[in-house]
Amino acid sequence: MSTRTSTSRRRGGPLATLLGIAVVAVFLYPVYWLVSASLQPGTTTSSVRAVPASLDFSSYGTALADQGGNILTSLTVAIGSAILTVAIAAPAAFGLSRLRSRFVDVVLITMFVAQIVPPIVLTNSLYTMFNSVGLVNTLPGLILANASGTLPFAILLLRSFMLELDPEVLEAARLDGAGRLRSFVLIVLPLSRNAMVAAAVFGFLAGWGDFLFAVTLTTGTELRTMTVGIFQYLSSPNVPWSVVMATSVLASLPAVLLLLLAQRSLRAGLGVGSGK
């Protein structure tokens, strides 16, 4: 029986590998087409060649000249959203993980509901609130709006991680004279590093790719994010298609680099409760 099992595994191995390569190729082809189109100035959606005749990077220079400020704005919003998300979610999750009360269940259910509400439902209310306190057309307003969207998930993630911490470690710190704040800073935060990185990555990606809040909470031309800049590109008939694609490639790079750098922490932080 073991011989049959090993034989079937050897037969299924190459087939599974080929199937995996085919699936990856299907998903990566749009990315390849994006890069290819960005290297072919003067083409349209119907005239883009699968393989560029030559590598022309002039569209990237135009994209940086036109959208460099917008990309910097998006980067500021994304970093600010990630920092604010972790700064609020970490102490909130620690408090919820230590409390033993029915009130905690109410809070968790409320966060679940907040997480599934479509952001478009909240934009009008946010605009009214932010306009009354002067946060429309400001970087802090965009950062706060994006962080509010990722906070429920971040709190739930960090709480699940903190529930797995060894209570004896915290008890030993308490016996050594450390208060809750000191234990949180010196013990809980270092042990929760992977979950915090995962929460920060999601906060960054939410701010980096946000379009709804960016187009709603900015009414002028002095503050634009990268997504709004791409939208305006698409709505303009005079912008070369290769420049639009080059801007899209530049917009993808920070997210790709971040995911590559943080993949180990993401696996560990998101694997809470898996038993591994």
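Residues numbered from 1 in each chain as written. Predicted model: local features only at pLDDT ≥ 70, side-chain atom pairs only at ≥ 80, totals over all residues. Heavy atoms only, no water.

Asks: I'd like a description of the overall build of the protein chain, backed by residues and values.
Replies: Helices and strands together make up the secondary structure of the protein chain, namely twelve helices and zero strands. Going residue by residue from the N terminus, the α and β elements of the protein chain occur as α-α-α-α-α-α-α-α-α-α-α-α. Relative to a compact globule of 276 residues, whose C-alpha radius of gyration would be 19 Å, the protein chain shows 24 Å and is clearly more extended. Counting over 276 residues, the protein chain shows a buried share of 36%. Considering only contacts in the protein chain between residues 6 or more positions apart, those separated by 24 or more positions represent 75%. As presented, the protein chain carries roughly 16,200 Å² of accessible surface, and 67% of it is formed by carbon and sulfur atoms. (Helix = DSSP H or I, 4+ residues; strand = E, 2+ residues; numbered from the N terminus. Rg over C-alpha atoms; globule rule 2.2 N^0.38 Å. Buried < 20%, exposed > 50% of the residue type's maximum accessible area, 1.4 Å probe, protein only. Contact = heavy atoms within 4.5 Å. Areas by Shrake-Rupley, 256 points an atom, 1.4 Å probe, with all protein chains shown as cover.)

Asks: Could you give an account of the UniProt feature "domain: ABC transmembrane type-1" (unreviewed entry) in the protein chain, naming the residues involved and the relevant values?
Replies: With numbering matched to this structure, UniProt assigns "domain: ABC transmembrane type-1" (unreviewed entry) to residues 71–262. As annotated, residues 71–262 comprises 80% helix and 0% strand, and the C-alpha atoms at either end are separated by 21 Å. (UniProt positions renumbered as here; feature names shortened; annotations may be inferred.)

Asks: Talk me through the side chain of Ser74; I want residue IDs and the actual numbers.
Replies: The topology assignment puts Ser74 in helix H2 (residues 58–98). With a relative accessible area of 1%, Ser74 lands in the buried category. One polar contact links the side chain of Ser74 to the main-chain amide nitrogen of Met226, over a distance of 2.7 Å. With residues up to four places along the chain from it excluded, the contact list for Ser74 reads Gly207, Trp208, Thr225, Met226 and Thr227. (Polar contact = N/O pair within 3.5 Å; in protein donor to acceptor, adjacent residues only side chain to side chain.)

Asks: Can you tell me about the UniProt feature "transmembrane region" (unreviewed entry) in the protein chain, naming the residues and giving the values?
Replies: UniProt records the feature "transmembrane region" (unreviewed entry) at residues 12–35, 71–96, 103–122, 142–163, 184–208 and 241–261, using the numbering of this structure. The span residues 142–163 is 100% helix and 0% strand, and its two end C-alpha atoms sit 32 Å from each other. Counted over residues 184–208, helix gives 96% and strand 0%. Its end C-alpha atoms are 29 Å apart.

Asks: Which residues make up the packing of aromatic side chains, and what values go with them?
Replies: Taken as a whole and assessed by the stated rule, the structure comprises six aromatic pairs. Where Phe57 meets Tyr60, the ring centres are 6.1 Å apart and the plane angle is 45 degrees; that geometry is what we call tilted. When its relative accessible area of 52% is taken as the criterion, Phe57 is described as exposed. Exposure remark for Tyr60: the relative accessible area of 14% places this residue in the buried category. Residues Phe204 and Trp208 carry aromatic rings whose centres are separated by 6.2 Å and whose planes lie at 10 degrees to one another, so their mutual orientation is stacked. Of this pair, Phe204 and Trp208 both sit in helix H8 (residues 193–208), separated by four residues, roughly a single helical turn. Neither Phe204 nor Trp208 differs from the other in exposure class; each is buried. (Phe/Tyr/Trp six-rings, centres within 6.5 Å; stacked < 30°, edge-to-face > 60°.)

Asks: Outline helix H4 (residues 119–132), listing residues and values.
Replies: Turn by turn, an α-helix covers 3.6 residues, leaving residues three or four places apart pointing in a common direction. Here H4 spans 20 Å end to end across 14 residues, near enough to the 20 Å set by a 1.5 Å rise per residue. Of all the bends found along H4, the most pronounced is centred on Ser125 and spans about 30 degrees. Phi turns positive one or two residues past the end of H4, at Gly134, with a value near 75 degrees. (Expected span 1.5 Å × (residues − 1). Bend = angle between axes of the 7 residues up to and from the residue.)

Asks: Lay out the packing of helix H10 (residues 226–234) against helix H11 (residues 241–261) in plain terms, naming residues and giving numbers.
Replies: Following both chains from N to C, one finds H10 and H11 inclined at 165 degrees, their axes separated by 10 Å at the closest point. One element, H10, and the other, H11, form an angle in the roughly antiparallel class. The two elements H10 and H11 cross, and the hand of that crossing is left-handed. For the pair H10 and H11, the contacting residues are Met226, Ile230, Tyr233 and Leu234 in the first and Trp241, Val243, Val244, Thr247, Ser248 and Ala251 in the second. (Axes fitted to C-alpha atoms, helices over the stretch in contact; angles between N-to-C directions. Parallel < 35°, antiparallel > 145°, perpendicular 65-115°, else oblique. Left-handed = near helix turned anticlockwise from the far one by under 90°.)

Asks: Please give an account of the environment of Glu171 that cites residues and values.
Replies: Along the polypeptide, Glu171 turns up in helix H6 (residues 167–175). A C-alpha to C-alpha distance of 9.5 Å links Glu171 and Ser183, two positions twelve residues apart in sequence.

Asks: Go over the nonpolar core, please, and point to the residues and values.
Replies: Grouped together as the largest cluster of nonpolar side chains are 31 residues, with contacts concentrated most on Leu158, Met162 and Val188. Only H2, helix H3 (102–116), helix H5 (139–163), H6, helix H7 (180–191) and H8 provide two or more residues apiece to this core. Sort the elements by how many residues they give to this core and H5 lands first, with eight residues. Aside from chain neighbours lying at most four places away, what touches Val188 is Phe94, Met162, Leu165, Leu170 and Ser183. Residues Leu34, Val48, Tyr233 and Val244 belong to the second largest nonpolar core, which totals 22 residues. (Core = buried A, V, L, I, M, F, W, Y, C linked by side-chain atoms within 4.5 Å.)

Asks: Before we move on, could you go through unusual backbone geometry and cite the residues and values that matter?
Replies: Phi is positive for Asn137, which is not a glycine, with a value near 65 degrees. Tracing the sequence through the fold places Asn137 in the loop between H4 and H5. Judged by its relative accessible area of 24%, Asn137 is partly exposed.

Asks: Explain the confidence of the model for the protein chain residue by residue, including any values.
Replies: Mean pLDDT over the protein chain works out to 83, with 92% of the residues at or above the 70 mark. Model confidence for the protein chain, summarised as mean pLDDT per element, is weakest for helix H12 (residues 263–270) at 70 and strongest for H2 at 92. (pLDDT = per-residue confidence, 0-100.)

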